[in-house]
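What the coordinates show
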Amino acid sequence: MNPAQRIYVALDTTDVDRATDFAKTLKGSVGGIKFGKEFFTANGPQGVQQVSAVGMPVFLDLKYHDIPNTVAGAIRAAQPLKPTLIDIHASGGTAMMEAAAQAASEQGSDRPLVLAVTILTSLDDDDLETMGVSDGVNNQVVRLAKLAQDCGIDGVVCSAYEIDAIRKACGLDFKLLVPGIRPKWSVTGDQKRIMTPRQAIDRGADYLVIGRPITKANDPLEAAQRIAEELA
C-alpha cells in the first residue's frame, strides 16, 4: 500500500450530501471512508450506498456485539454495501466471533476483512478497573486479540500503544487498524491513547482511522495530503 491507502477517514457527519462531498474531495488522497453508528443510524444502508457510489473503499464501523446468529446475519446483510472492512466486538466471545468469520467467508472473493474491537481508545486502565477488569489495558487487549485470531478473525482494532504486544502475540499477517490518531498539529479531543500517524505506522499499523484532523480542517484535502506526506 502507498501511504495514502492506509488512511480511512471517519465521516463525522449525519448529512449525506456533506459526506458525499467529503468523499469526492478526498478520493485518491486517502484509502477509504469510515461509516459509524451515527451516520448509519441517521441514513441507513441507503446513505452508505449513496456516499460509497463515489467509488471509495468502505469501512463499516458498526461494532456488532450480539448473539452469534444475529451477528452472522448482520455480516450477511451488509454484503450489498460491499464493505472492505467491517468490525465486531471481541468481547462478544468465541461463538460470536466464529459465526462472524464464517458469515464473511461465505461471500467468497467479495468478503470483507472482519476486525475485532479490543478496548475502545477512549478507555484507560482506570476505566477498566471500574468495570472489574484489573489486568490493565495492554494485557486485556492482547488476550482479546489472540482470542479473535483463534476464531478466524482477520485482525483487530486497537490503540497504537498495543501494536508491539499484539504483533508479538499474533504475528505480522494479523491486520491492525488503529484509531486515536492525531497529527502533532491537531487537537487531542476525547481519546486518551493517541499517537501520531507516523508513529503508528512505524510501530506496525496496517490502517489508520483519522477523523477530525481531516474533516474539521479548513482544507480537508490539504490536511489529508499533509498526513500522507508525513507517512511517506
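Anything mentioned here points back to the structure above.
In what follows, the accompanying structure is described. Everything quoted here is computed from the prediction, not taken from an experiment. (Residues numbered from 1 in each chain as written. Predicted model: local features only at pLDDT ≥ 70, side-chain atom pairs only at ≥ 80, totals over all residues. Heavy atoms only, no water.)

What to know about the pattern of salt bridges
Worth spelling out the cut-off: Any Lys or Arg side-chain nitrogen found within 4 Å of a carboxyl oxygen on Asp or Glu counts as a salt bridge. Every helix listed is a DSSP run of H or I at least four residues long, and every strand listed is a run of E at least two residues long, numbered separately from the N terminus. Burial classes follow relative accessibility: with a 1.4 Å probe on protein chains only, a residue under 20% of its type's maximum area counts as buried, one over 50% as exposed, and anything between as partly exposed.
If you walk through the whole model with that rule in mind, you get 8 salt bridges. The salt bridge partner of Asp-206 is Arg-167, with a shortest N-O separation of 2.8 Å. Placement of Asp-206 in the loop between α8 (197-203) and β8 (207-210) and of Arg-167 in helix α7 (residues 163-170) is noted, with a sequence separation of 39 residues between them. With respect to burial, Asp-206 and Arg-167 carry one shared label: buried. A single salt-bridge network, built from bridges that share partners, covers Lys-34, Asp-61 and Lys-63.

Describing the sheet that holds strand β2 (residues 32-35)
For clarity, the threshold we go by: We call two strands paired when DSSP finds no fewer than two bridges between them. Here an angle of 0 to 180 degrees is reported between the N-to-C directions of two axes, which are lines fitted to C-alpha atoms, with helices fitted over the stretch in contact. Should any heavy atoms of two residues lie within 4.5 Å, those residues are counted as being in contact.
Pairing is parallel in the closed barrel, where 8 strands are placed in the order β1-β2-β3-β4-β5-β6-β7-β8. With direction set aside, neighbouring strand axes in the sheet form an average angle of 25°. Bridging between β2 and strand β3 (residues 58-64) involves 3 bridges; their strand directions are parallel. Across the sheet, Lys-34 pairs through a bridge with Phe-59, a residue of β3. Where helix α4 (residues 94-105) meets the sheet, it contacts β3, β4 (85-89) and β5 (113-117), and its direction lies at approximately 165° from that of β4.

So, the side chain of Asp-61
Inclusion rule: Here a polar contact is recorded for every N or O atom pair within 3.5 Å, except that within protein the pair must consist of a potential hydrogen donor and a potential acceptor, and residues adjacent in sequence are included only if both atoms are side-chain atoms.
Within the secondary structure layout, Asp-61 lies in strand β3. Relative accessible area serves as the criterion here: at 7%, Asp-61 is assigned to the buried category. Of the polar contacts made by the side chain of Asp-61, one reaches the side chain of Lys-34; its length is 2.8 Å. Sequence-distant contacts of Asp-61, that is, excluding residues within four places in its chain, are made with Lys-34, Phe-35, Gly-36, Lys-37 and Asp-87.

Overview of α7
Rule in force here: Along the arc lie the directions from the helix axis toward the C-beta atoms.
Residues of α7 that are buried include every one of Ile-163, Ile-166, Arg-167 and Cys-170, and no others. An end-on view of α7 places all buried positions within 100° of arc, on one side of the element. Residues of α7 that are buried make contact with α6 (137-150), β6 (155-157), β7 (175-178) and α8. Directly after α7, the chain includes Gly-171, whose backbone phi takes a positive value near 90°.

Details of the packing of aromatic side chains
Put simply, the rule reads: Stacked, edge-to-face and tilted are the three classes for Phe, Tyr and Trp ring pairs, Trp counted by its six-membered ring, which pair at centre distances within 6.5 Å; planes under 30 degrees apart are stacked, over 60 edge-to-face, the rest tilted.
Applying the stated criterion across every chain yields a total of 3 aromatic pairs. Judged by centre distance (5.0 Å) and plane angle (50°), the rings of Phe-35 and Phe-39 are tilted.

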